[in-house]
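Descriptive structure summary
Each chain is listed here by its residues.
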Amino acid sequence: MLLSGKNGIQSAFDEELQHFLYGKECLLDELPFSRELIKKHVRLGMITLRLGVETIEKGIVPIQIGSKKWVCRRCGNTDPGEFGTVSCSQCRKRCVYCRHCLNMGVVRSCSRLATWSGPEPIREERPWRDAKRICTWEGTLSDQQKMAADRLDQSLSSGQSFLIWAVCGSGKTEIVFPAVEHALRRGERVVLATPRTDVVRELYPRFQNAFPKVPVSALHAGSENQVPDAPLVISTAHQLIRFSHYFDRVFIDEVDAFPYHFDPMLEYAVRKAAKEGAPFAFLTATPPPNLKNAYLSGRLNGVKIARRFHGHPLPEPKAWWIGNWKKSMKQGIVPQSFMKWVKQKSSHQVQLFIFVSSVSLLRELTELLQREGLGHVAGVHAEDPDRHAKVAFFREGKIRILVTTTILERGVTVPGAEAAVFGADDPIFNESALVQIAGRVGRSERRPNGEVILFHNGRTLEMVRAQRHIKQMNEEGGL
Amino acid sequence: MNEYRCLFCRGPRDVPLRFRTLLAPVHPPGLCRLCLEKMAPIDRKACCLVCGRDLRQLKLEFIRHNICNDCMRWKKSGRGRLFGRNRSIFSYNKMMKEMMTAFKFRGDALLAEAFRKDFRDAYRQMIGIDPKGLWNRMRRGRWLFPNERYVVVPIPLTRERFIKRGFNQSAVLAELLGEPIIEALSRAGSQKKQSKKNRRERLLPGRNPFALNPRAASAIAGRRVLLIDDIYTTGATLRLACDTLEAAGPDRVDALTLAHG
Ligand SMILES: [Zn+2]
Ligand SMILES: [Zn+2]
Ligand SMILES: [Zn+2]
Ligand SMILES: [Zn+2]
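Residues numbered from 1 in each chain as written. Chains lettered and ligands numbered in written order. Predicted model: local features only at pLDDT ≥ 70, side-chain atom pairs only at ≥ 80, totals over all residues. Heavy atoms only, no water.

A few words now on unusual backbone geometry. A positive phi is found at R92(A), a non-glycine position, where the angle reads about 60°. Tracing the backbone shows R92(A) in the loop between β7 (83-87) and β8 (94-98). (Helix = DSSP H or I, 4+ residues; strand = E, 2+ residues; numbered from the N terminus.)

In structure tokens, the structure reads:
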């Protein structure tokens, strides 16, 4: 099937297929086109195929028994526990599949992944590019924010990646607007990626308002705001798995957001979605070691913003020993000094975030606090179906104490709320998690102070690091 | 190590450090305590002697001589005459539903590994080579003669569904038993929609979607057949399969299913 192109010349490819596949990577079976058409494009070199799951040979001894290692080419998974084998109906053999990206349709060792390797499609007219202002955000940046925004744009425009290391509550989102505007004017495709669905939900309307003429797509599990060919995409890193060599500029927000750190799959997805050589902008309060070292040694451009927008310091967390809290929880007893603190705060009408390490601990602690006669205590975790309702009640002040396993939406700025970590010696609470937890407190201009207490049974190195981190940030911010 | 993570939720498993687990080169994959607690195992001493449902969840008026009402109705219906009994490992609760979704519809076949031991134990009980069965036979002086082994037959999918899903979940479960598997049945594609049938067709009992694989007939004649399916719902599917097998002349047909509900 030959189709004639716009200028009358016979183009040797199907434009619909081109538009569908360009910049993406799809399972061959998922392509809604006929087998013959696809085969023809493969022969022409317009579609490139590769195996979905392959073996990686380790070292010189190729494949010893039991040491077989697999890699999923779609999501980058190499964890042996995240592969399974099954008698496959397609290839009629024992077939390996990737468990890590199952929710996007199964990838097996007999699956083929298809990418477009023909010419780039002609893009639709984009009249908004000629407008004097593409970004119509009316707010103003502080001097410090403006300096960061300018340097960010300069760096990215010259193809260099950039780190924005900014304390929680410094207004990171607004800092990227000028760089996004510049990219859009140059006709680039821009993506803002984050590990968290919450953040996509929160950022999408803000970017829509700031760039009212520009088509914006929001991609997260179950999202409905997808515009084909949108030049500005707000996405979870997860959803970027479908893309391949597509974006010219990549902004990564909250690279290390607690409790999502260290999923190598997300990094793989983001790298795959970017065009070769595309510059990255990393926005974070607590850069992971590799970024931090690159920045400190000068290999990565960047800027540090140590002051919150209201100019007050970050609260420095205090560590309080409460003995063996695991044991006392097993006996159904809340450690006394913790209970005393909670009661004292409640009597002063202070709303509390209490962070815990696991869902089971969350349930136990919530129940015990409720039994203590502290009304309006609720527990919320990442998969809680009532999560949004509970958060709304907390924001309205109907829930006074919120026990949680996860940092809530960034929009949760409850004036005057204070925070505790119950069992801060659990390894899940590393430096960056603790710094982000401290960042939840004192976010409003009217009530910029508040306590952050780490209740523990033995101070950990990570706790010390977090305390040092915040102290240093405050010093650098001249506070 | 991966065997220390839960197959389903990926949380830590707290594998106990016993002498046996210390020596084992790899600990078998499985679920964590939290996930296990959400499952509803069926006690084989408190289940319907025919369909294997958990009788503790049933009102007494629906039970007679350890057989549930539904099963008595099946007996009267005359269908599935060779059908002996079904044994299910778990009741179909919310957790089981979630696991089935991941296993069948998302295609995470590896989850079956979480039930390998339960499935094998149930099978051993059915053929009487579990410790208790052995003891019973010894008492009766018949310990050399365990029940005859079963011919294991997984319930097939239609061809279209099999291709689309990529695997047959019943076959995956059957493989857990470590016995040879006989693909004795095939399943025909979608039946006419109820709305497209005329009145006469609608009143007829449903067409049996199963067909006997003639090459497997000799393996079944005079033997005990064990049908494997993922879930026992009304028992209709298993009885239709049983009726189809009847032509090959099996001695009796039992079933082993992962869930009941
Ligand atoms: Zn994968
Ligand atoms: Zn295969
Ligand atoms: Zn689990
Ligand atoms: Zn019954």
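To continue, consider the coordination of the zinc ion (ligand 1). Ideal values differ by geometry: the angle at a metal is 109.5 degrees with four tetrahedral donors, but 90 or 180 degrees with six octahedral donors. Residues and elements named next belong to chain A. On the protein side, the zinc ion (ligand 1) has C72 (SG), C75 (SG), C98 (SG) and C101 (SG) as donor atoms, found 2.3 Å from it. Viewed at the metal, the 4 donor atoms of the zinc ion (ligand 1) are separated by angles of 105 to 113°, and the geometry they form is tetrahedral. A relative accessible area of 0% places C72 in the buried class. Residue classification places C75 among the buried positions, given a relative accessible area of 0%. (Donors = N, O, S within 2.8 Å, 3.2 Å for Na, K, Ca; no water. Tetrahedral: all angles 85-135°; square planar, octahedral: opposite > 155°, others 65-115°. Buried < 20%, exposed > 50% of the residue type's maximum accessible area, 1.4 Å probe, protein only.)

How big an interface is tends to be reported as the loss of accessible area on association of its parts. Contact residues are listed per partner, giving 19 residues for chain A and 19 residues for chain B. Its largest share of buried area at the contact with chain B, chain A owes to S89(A), R99(A) and L102(A), together 34% of the area lost on that side. Two residues, D79(A) and R5(B), come together in a salt bridge whose shortest N-O distance is 2.7 Å. Run the count over chain A and chain B and you get 13 residue pairs in polar contact (both at pLDDT 80 or more). Breaking the side of chain A that touches chain B down by element, the ones donating at least two residues are β7 and β8 of chain A. When residues of the side of chain A that touches chain B are assigned to their parent elements, the largest contribution, 4 residues, is made by β7(A). Split by residue class, the side of chain A that touches chain B holds 6 nonpolar, 7 polar and 6 charged. (Contact = heavy atoms within 4.5 Å. Buried area = accessible area lost by both parts, 1.4 Å probe. Salt bridge = Lys/Arg side-chain N within 4 Å of Asp/Glu carboxyl O. Polar contact = N/O pair within 3.5 Å; in protein donor to acceptor, adjacent residues only side chain to side chain. Nonpolar A, V, L, I, M, F, W, Y, C, P; charged D, E, K, R; others polar.)

Residue and element names in this part refer to chain B. C6 (SG), C9 (SG), C32 (SG) and C35 (SG) make up the full set of protein donors to the zinc ion (ligand 3), lying at 2.2 to 2.4 Å. For the zinc ion (ligand 3), the 4 donor atoms are set out with angles of 103 to 117° between them, so the coordination reads as tetrahedral. Counting gaps between the donor residues of the zinc ion (ligand 3) yields the pattern C-x2-C-x22-C-x2-C. For the pair C32 and C35, one class covers both residues: buried.

Before going further, it helps to spend a moment on the domain arrangement of chain A. With domains assigned, chain A is organised as domain 1 (12-116), domain 2 (143-305) and domain 3 (318-476). Placing a centre on the C-alpha atoms of domain 2 of chain A and another on those of domain 3 of chain A gives a separation of 29 Å. (Domains from an automatic or database assignment.)

Within the structure shown, the criterion is met by 40 salt bridges over all chains. Measuring nitrogen to oxygen at the nearest pair gives 3.0 Å for the salt bridge that ties R465(A) to E462(A). Separated by 3 residues within a single helix, R465(A) and E462(A) lie in helix α13 (residues 461-476), roughly one turn from each other. Classification of E462(A) as partly exposed rests on a relative accessible area of 23%. Of the charged contacts, one joins E246(B) and R81(B) as a salt bridge, the two residues approaching to 2.6 Å between their closest N and O atoms. With E246(B) in helix α11 (residues 236-246) and R81(B) in the loop between α3 (69-77) and β3 (83-91), the pair connects residues that are 165 residues apart, well separated along the chain. Given a relative accessible area of 25%, E246(B) falls into the partly exposed group. When its relative accessible area of 63% is taken as the criterion, R81(B) is described as exposed.

Time to look at the packing of helix α4 (residues 172-185) of chain A against helix α5 (residues 197-210) of chain A. Residues and elements named next belong to chain A. At a minimum axis distance of 12 Å, the contact between α4 and α5 shows a crossing angle of 45°. Classified by the angle their axes make, α4 and α5 are oblique. Note that α4 runs across α5; the crossing there is right-handed. Contacts from T173, E174, V176, F177 and V180 in α4 reach L203, R206, F207 and A210 in α5. When the residues that make up the contact of α4 with α5 are grouped by side-chain class, the tally is 6 nonpolar, 1 polar and 2 charged. (Axes fitted to C-alpha atoms, helices over the stretch in contact; angles between N-to-C directions. Parallel < 35°, antiparallel > 145°, perpendicular 65-115°, else oblique. Left-handed = near helix turned anticlockwise from the far one by under 90°.)

Residue and element names in this part refer to chain A. In the contact formed by helix α12 (residues 431-438) and α13, the axes pass within 8 Å of each other and the chain directions differ by 50°. Compared by their axis directions, α12 and α13 come out oblique. α13 is crossed by α12, and the crossing has right-handed handedness. Between α12 and α13, the contacting residues are E431, L434, V435 and A438 on the first element and E462, M463, R465, A466, H469 and I470 on the second. Of the residues that constitute the contact of α12 with α13, the class distribution is 6 nonpolar, 1 polar and 3 charged.

All names here are of chain A. The strand order across the open sheet built from 7 strands is β12-β13-β11-β14-β15-β10-β16, with neighbouring strands paired in parallel fashion. Pairing within the sheet leaves two strands with one partner each, and these edge strands are β12 (216-219) and β16 (301-305). Adjacent strand axes in the sheet meet at a mean angle of 15° when their direction is disregarded. Here strand β11 (residues 190-194) runs beside strand β14 (residues 249-253); their pairing, made up of 4 bridges, is parallel. (Pairing = 2+ DSSP bridges.)

Moving on, we come to the sheet that holds strand β8 (residues 252-260) of chain B. All names here are of chain B. Here 4 strands make up an open sheet; going across it, the order is β3-β8-β7-β4 and the pairing parallel. The open sheet has two free edges, formed respectively by β3 and β4 (151-154), since each of these has just one partner strand. Between one strand axis and the next, the sheet turns through 25° on average, direction left out of account. Across 4 bridges, the pairing between β4 and strand β7 (residues 224-232) is parallel. From the neighbouring strand, V151 faces β7, where its bridge partner is V225. Across the face of the sheet, helix α4 (residues 94-105) comes into contact with β3, β7 and β8 while running at roughly 105° to β8. Most of the contacts of α11 go to β7, to which it runs at about 155°, and overall it touches β3, β7 and β8.

What follows is about the pairing of strand β10 (residues 162-166) of chain A. If a strand is regular, its side chains alternate between the two faces of the sheet. Residues and elements named next belong to chain A. Of all 5 residues that make up β10, 5 are buried, and the element is covered over most of its length. Of the two faces of β10, the one holding F162, I164 and A166 and the one holding L163 and W165 are both buried throughout. As defined by bridge partners, β10 adjoins strand β15 (residues 280-284) across 4 bridges and the pair is classed as parallel. Bridging across to β15, L163 finds its partner in F282. Two strands pair when backbone bridges link them, and β10 and β16 are joined in this way by 5 bridges, in the parallel orientation. Residue I164 lies in a different strand from β16, and its bridge partner there is V303.

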